[in-house]
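# Examination of the molecular architecture
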Amino acid sequence: MITIRWLLVTLLCWPLLLWQGKRARQRALRLPEANGRRSGMQGNGEPLRLLICGDSAAAGVGIEQQQQAFSGQLVELLAKQYQVNWQLAAKTGLDCTGLNNLLHQLYAHSNAVYRLDVVVVSIGVNDVTANRSKAEFQQQIRALLTRLATDFTDPYVLFSAIPPMQHFTALPSPLSYWLGLKAQMLNQTLASELESWPKARLLQSNQALTTDMLAADGFHPSESGSKIWAKLVCDAIKPVKPVKQQNRSA
């Protein structure tokens, strides 16, 4: 039904969608990626080797410092239970193909990311805006998972679902509705592909996306939105990487 609705909106509104898309790009507020560290060691306890990777949301666009962005807030939560050896590999504009290329560069040039316990992936919004087909998106997700399983010691992989783009305040209607439908379609494709990967999982929030959860550009997560996102991912990592209980003598 989602695909049928998307096709109907495409047929009925295509000239308007093209115009709105062009205008939205021209008028978009361009915000920089967050400043600050993109790797480090934090916390005490059981070691956790973590890679956070993906697009501008993961890079902290719209937030001043990485400490307040998604990566910093996630590491801070995890550091309460783990010794987190973490790295952020994210860049504005990356789609799934671009992320595959970035991780290839990491594999070729850095020994620090070879051994990983958990990989958190934020990808898909740029695949939506590029109108990537479901087949192309699934192919790139499969290539990404294959790379992580072979080149990065088969870690657990947690994908953040593509957000509900129909609620992005930077997007006018019906463009926002059309992109929201496309996001749902690619999320379904992602969920279907992950069924074949026992060490991968799709994380979706039941919390409605509100204005305060968006940065000033109306497109990226704000500090409060990143906090909610980090809590969702942290709660998913804990069952994946339980803290070892120390034996106590009677």
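For the structure itself, look to the data block above.
As a starting point, this report considers the structure included with it. Just so you know, the residues in each chain are numbered from 1, in the order the chain's sequence is written. In keeping with the predicted nature of the model, local features appear solely for residues at pLDDT of at least 70, side-chain atom pairs appear and are counted solely at 80 or more, and the whole-chain, interface and lining totals rest on all residues. Each side-chain value is worked out from all heavy atoms of the structure, with water and hydrogens disregarded.

## Digging into the nonpolar core
- Leu-99, Leu-103, Val-121 and Phe-159 are the most contacted members of the largest nonpolar core, which has 47 residues in total.
- To qualify as a helix, a DSSP run of H or I must reach at least 4 residues; to qualify as a strand, a run of E must reach at least 2; elements of each kind are numbered from the N terminus. No other element matches the nine residues that helix H7 (residues 175-194) contributes to this core.
- Contacts: residue pairs with any heavy atoms within 4.5 Å of one another. Residues within four places of Phe-159 in sequence aside, it is in contact with Val-121, Ile-141, Leu-144, Leu-145, Leu-190, Leu-194, Arg-201, Leu-202 and Leu-203.
- If you look at the next biggest cluster of nonpolar residues, it comprises 26 residues, including Ala-58, Trp-86, Leu-203 and Ala-236. To qualify as a nonpolar core, a set must consist of buried Ala, Val, Leu, Ile, Met, Phe, Trp, Tyr and Cys residues joined through side-chain atoms within 4.5 Å. Burial here depends on accessible area, computed with a 1.4 Å probe over protein chains only, as a share of the maximum for the residue type. Under 20% is buried, over 50% is exposed, and the range in between is partly exposed.

## Details of the sheet that holds strand S5 (residues 156-160)
- Pairing within the open sheet is mixed, and its six strands lie in the order S1-S3-S2-S4-S5-S6. At either end of the open sheet lies a strand with only one pairing partner, and these are strand S1 (39-42) and strand S6 (200-203). Sheet twist, expressed as the average angle between the axes of neighbouring strands with direction ignored, equals 20°.
- For two strands to count as paired, DSSP must find a minimum of two bridges between them. The pairing of strand S4 (residues 118-122) with S5 spans five bridges and is parallel. Pairing of Ser-122 across the sheet is with Ser-160, part of S5.
- The convention used is that axes are lines fitted to C-alpha atoms, helices contributing only their stretch in contact, and that angles between N-to-C directions extend from 0 to 180 degrees. Sitting on the sheet, H7 is in contact with S5 and S6, with an inclination near 155° to S6.
- Sitting on the sheet, helix H8 (residues 223-240) touches strand S2 (46-54), strand S3 (82-90), S4, S5 and S6, and the angle it makes with S5 is about 155°.

## Considerations on the packing of helix H6 (residues 134-151) against H7
- At a closest axis distance of 10 Å, the pairing of H6 and H7 adopts a crossing angle of 40°. Regarding the angle of H6 to H7, the classification is oblique. With respect to the hand of their crossing, H6 and H7 are arranged in right-handed fashion. Contacts between H6 and H7 pair Lys-134, Phe-137, Gln-138, Ile-141, Arg-142 and Leu-145 from the former with Met-185, Leu-186, Thr-189, Leu-190, Glu-193 and Leu-194 from the latter.
- Residues are grouped as follows: Ala, Val, Leu, Ile, Met, Phe, Trp, Tyr, Cys and Pro are nonpolar; Asp, Glu, Lys and Arg are charged; all remaining types, including Gly, are polar. Here the contact of H6 with H7 is built from residues that sort into seven nonpolar, two polar and three charged. By the definition adopted for this analysis, an angle is roughly parallel if under 35 degrees, roughly antiparallel if over 145, roughly perpendicular if from 65 to 115, and oblique otherwise. Rotating anticlockwise by less than a right angle from the far helix to the near helix defines a left-handed crossing, while the corresponding clockwise rotation defines a right-handed one.

## Observations regarding the packing of aromatic side chains
- Two rings belonging to Phe, Tyr or Trp (six-membered ring only in the last case) form a pair when the distance between their centres is within 6.5 Å. Interplanar angles under 30 degrees mark stacking, angles over 60 mark edge-to-face geometry, and anything in between is tilted. In the structure shown here, the tally under the stated rule is four aromatic pairs.
- Aromatic side chains Trp-6 and Trp-178 sit 5.6 Å apart centroid to centroid with 15° between the ring planes, which places their arrangement in the stacked category. Of this pair, Trp-6 sits in helix H1 (residues 2-27) while Trp-178 sits in helix H7, placing them 172 residues apart in sequence. We note that Trp-6, like Trp-178, is buried.
- Arranged with centres 5.8 Å apart and planes meeting at 65°, the rings of Trp-14 and Trp-178 form a pair that is edge-to-face. Separated by 164 residues along the polypeptide, Trp-14 in helix H1 and Trp-178 in helix H7 bring together distant segments of the chain.
- Taking relative accessible area as the criterion, Trp-14 reaches 34% and is therefore assigned partly exposed.
- Of the aromatic side chains, those joined through ring pairs into one cluster are Trp-6, Trp-14 and Trp-178.

## A few points about a nonpolar patch on the surface
- Within the patch definition used here, like charges are joined within 9 Å and nonpolar side chains (Val, Leu, Ile, Met, Phe, Trp, Tyr) within 5 Å, considering only residues with over 30% relative accessible area and no salt bridge. Using the Shrake-Rupley algorithm and a 1.4 Å probe, accessible areas are obtained, with residue cover drawn only from the displayed protein chains. Criterion for a salt bridge: a side-chain nitrogen of Lys or Arg within 4 Å of a carboxyl oxygen of Asp or Glu. Among the surface-exposed residues, Met-1, Ile-4, Leu-8, Leu-11 and Leu-12 lie close enough to one another that they form a single nonpolar patch of about 640 Å² accessible area.
- Checked against the element boundaries, Leu-8 lands in helix H1.
- Leu-8 gets classed as partly exposed once you look at its relative accessible area, which sits at 47%.

## Digging into the environment of Arg-132
- Summarising the element assignment, Arg-132 is placed in the loop between helix H5 (125-129) and H6.
- According to the relative accessible area criterion, Arg-132 is buried, its value standing at 19%.
- Every residue in contact with Arg-132, bar those within four places of it in the chain, is listed here: Asp-95, Asp-127, Phe-137, Lys-182 and Leu-186.

## Some details on the pattern of salt bridges
- In total, this model carries eight salt bridges according to the counting rule given.
- With its nearest N and O atoms 2.4 Å apart, the salt bridge here joins Asp-95 to Arg-132. Residue Asp-95 is located in the loop between S3 and helix H4 (96-109), and its partner Arg-132 is located in the loop between H5 and H6; the two are separated by 37 residues in the primary sequence.
- The salt bridge partner of Arg-132 is Asp-127, with a shortest N-O separation of 3.3 Å.

The analysis is restricted to geometry; functional conclusions fall outside its scope.
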